[in-house]
Amino acid sequence: MCQYCSNNFYMKKNDNRLDIRIVPMKHWQDMHITSKNIRSGDEFFEELLLRLEKENICINKIVFFGNLRKIRKLLSLVRGKFPFLMIGDSLSEKMIGKNVSLYINGTKILNGQSQQIKIDGEVVGNYFNFPDSECLNVAGIYLKNKGVYFKKESTGEYAKIAKVLKQYNFEPQNIYRFWNYMVHIWENYPAFNAARNAYFKKNSIVKFPAATGIEARLGFGKKISLGFEAIKPKENFKLKWETVNLDTQAAPQKYSRQVSQMPHGPKFSRAVEVKFPNDKIKKFYVSGISSANKLGESSLTDDMQKNVAYVMTSFEKLLKKGGFSLDNLVSSHVYSKNQEIFQEFEKLYVAQKWDFPYNSVFTNICRQDFFFEIEGIAADVHENRLP
C-alpha cells in the first residue's frame, strides 16, 4: 500500500482535509495530494504551496474541482507560477455543489533535473530528465488557445501537444495517459473525437492510451483543455506500458455506431499499466469508467444505486486485473450527473469502509445515459509484485 506521507513532508490534517500519498521511485518521489473544502481567503492552500516549495517539490498540476466561484481569490497564487486547471461543476446554478476540492500532483527529484514547460509564456507542465528515462507531464490550461469555434480550439490543443513533444524530442507513442475536458460535451464530443482520431491517424497511434473525456466549466472562456503524461526510456532501461481491457465492458474502440452515435468508437483503453523494472514498481492508470456493458450500452439506467455499484464493481475488476485493489489508489476523481447520484457513491463508500482519496464534481458525462464515472491512479510499491 502506498505511503501517506514521506519523512520530510508533513502537514497537520485539518478535519481530514489533507491526504498525501507518495510513490517512492528510485530517482524521484511521485506525490499525490487530495484535499477537500478549499475556500477563497483560506490560508490552508497558501501554506500548502509554501510547504511544497520549501521541500523542493516540482508541481506538475494543480486542479480545482467543483464550484469555481469559491476559488477566484486563489487563482492569483497559481496563475503564471504553476500548471493549473479548473474542472468546474457544469450543471445549472441551483444544481452545482457548494464546495471545491483540490488535487496536486508533484515530483520530488532525488537524482535528475527538471524544467517548466512554457508555451507562449504560459506554464503548462514539467519535463524531467532522470538517469533511466525522460518524462513529460502536461496539464496546465493553455489560455492563449481560444477559438470562436470548438473545432478550431480542439485542433489547437493537439497542436500544443505536438509542439511540446517536438520540443523535447518525444514521440506521440510515448503518451500513455490523456485527460480531455470540454464544455457542452453532448454537443462537442463528436468534434472532439474527430480531432483526436485525426491526430491518432496522422501519428499512427494504434496502441491507445488510457483517457478521460468529461464536461467541465474551464473558466476564462476556454472550450477544451487536453493534458497528458508521457515517458521515454533511455538505453538499456526496459520500461514499458501495456493496455488493459475488461471482459465485462466492451473496449471503447469497439463500440458500434448504434451505441456511440459516432462513425467510430472512442479511441482509448480501459486502463494502462506502466512497469518500472529498475524501481520494482508498477503504476496503473484507469480511464474514466462508467456503466457500459459488454455491448458498450449504458446499463442500469433506472436504478442509480445499482448503477453506481456497477461502475465501482467494474472499476475494482480493472484494478484487480492489474494486480491492484482500491487500497493501492493514490488518487481518483468521481464525476456525478447530480448530487443525488454522488450521494449514492458516498453511501457505498461508507458502507464498504473504503479509504481511498477522491475529488468530486457535478457534471455531464459523454452520453446522456451515463450518470456516474470514476478514474484513478494506483501504484504497487511491494517489490514482490513484479516478476
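None of the values given here were measured: they were computed from a predicted structure. (Residues numbered from 1 in each chain as written. Predicted model: local features only at pLDDT ≥ 70, side-chain atom pairs only at ≥ 80, totals over all residues. Heavy atoms only, no water.)

## Description of the sheet that holds strand 9 (residues 175-182)
The six strands are arranged 6-7-8-11-9-10 in an open sheet whose pairing can be described as mixed. Lying at the two open borders of the sheet, with one neighbouring strand each, are strand 6 (113-119) and strand 10 (210-215). Each strand axis lies, on average, 10° off the axis of its neighbour in the sheet, ignoring direction. In the sheet, strand 8 (residues 133-138) pairs with strand 11 (residues 224-233) via six bridges, with the strands oriented antiparallel. Opposite N137, over in strand 11, you have E229 as the bridge partner. Sitting on the sheet, helix 2 (residues 150-167) touches strand 6, strand 8, strand 9 and strand 11, and the angle it makes with strand 11 is about 20°. Against the sheet, helix 3 (residues 185-202) makes contact with strand 9, strand 10 and strand 11, and its axis sits at roughly 150° relative to strand 9, the strand it touches most. (Pairing = 2+ DSSP bridges. Helix = DSSP H or I, 4+ residues; strand = E, 2+ residues; numbered from the N terminus. Axes fitted to C-alpha atoms, helices over the stretch in contact; angles between N-to-C directions. Contact = heavy atoms within 4.5 Å.)

## Observations concerning the pattern of salt bridges
Two side chains that carry opposite charge are able to pair once their charged atoms sit near each other. As enumerated under the stated definition, the model contains 11 salt bridges in all. Between D30 and K283 there is a salt bridge; the shortest N-O distance is 2.9 Å. One end of the pair, D30, is in strand 2 (residues 28-35); the other, K283, is in strand 14 (residues 281-289), and 253 residues separate them in sequence. With respect to class, D30 is no different from K283; both count as buried. One network of salt bridges, in which partners are shared, links E153, E157, K160 and K222. (Salt bridge = Lys/Arg side-chain N within 4 Å of Asp/Glu carboxyl O. Buried < 20%, exposed > 50% of the residue type's maximum accessible area, 1.4 Å probe, protein only.)

## Some remarks on the packing of helix 5 (residues 304-321) against helix 6 (residues 339-351)
At a minimum axis separation of 9 Å, helix 5 and helix 6 run at an interaxial angle of 60°. Considered as vectors, helix 5 and helix 6 are oriented oblique to each other. For the pair helix 5 and helix 6, the sense of crossing is right-handed. Judged by residue contacts, M304, Q305, V308, A309 and M312 of helix 5 engage I341, E344, F345 and L348 from helix 6. (Parallel < 35°, antiparallel > 145°, perpendicular 65-115°, else oblique. Left-handed = near helix turned anticlockwise from the far one by under 90°.)

## Some details on the sheet that holds strand 2
With respect to topology, five strands assemble into an open sheet ordered 1-2-5-3-4, the strand pairing being mixed. The outermost strands of the open sheet, each flanked by one partner alone, are strand 1 (18-24) and strand 4 (84-88). Across the sheet, the axes of successive neighbouring strands diverge by a mean angle of 15°, strand direction being ignored. In the sheet, strand 1 pairs with strand 2 via seven bridges, with the strands oriented antiparallel. Within strand 2, the position partnered with P24 by the bridge is Q29. Sitting on the sheet, helix 1 (residues 43-54) is in contact with strand 1, strand 2, strand 3 (57-66) and strand 5 (100-109), with an inclination near 160° to strand 3.

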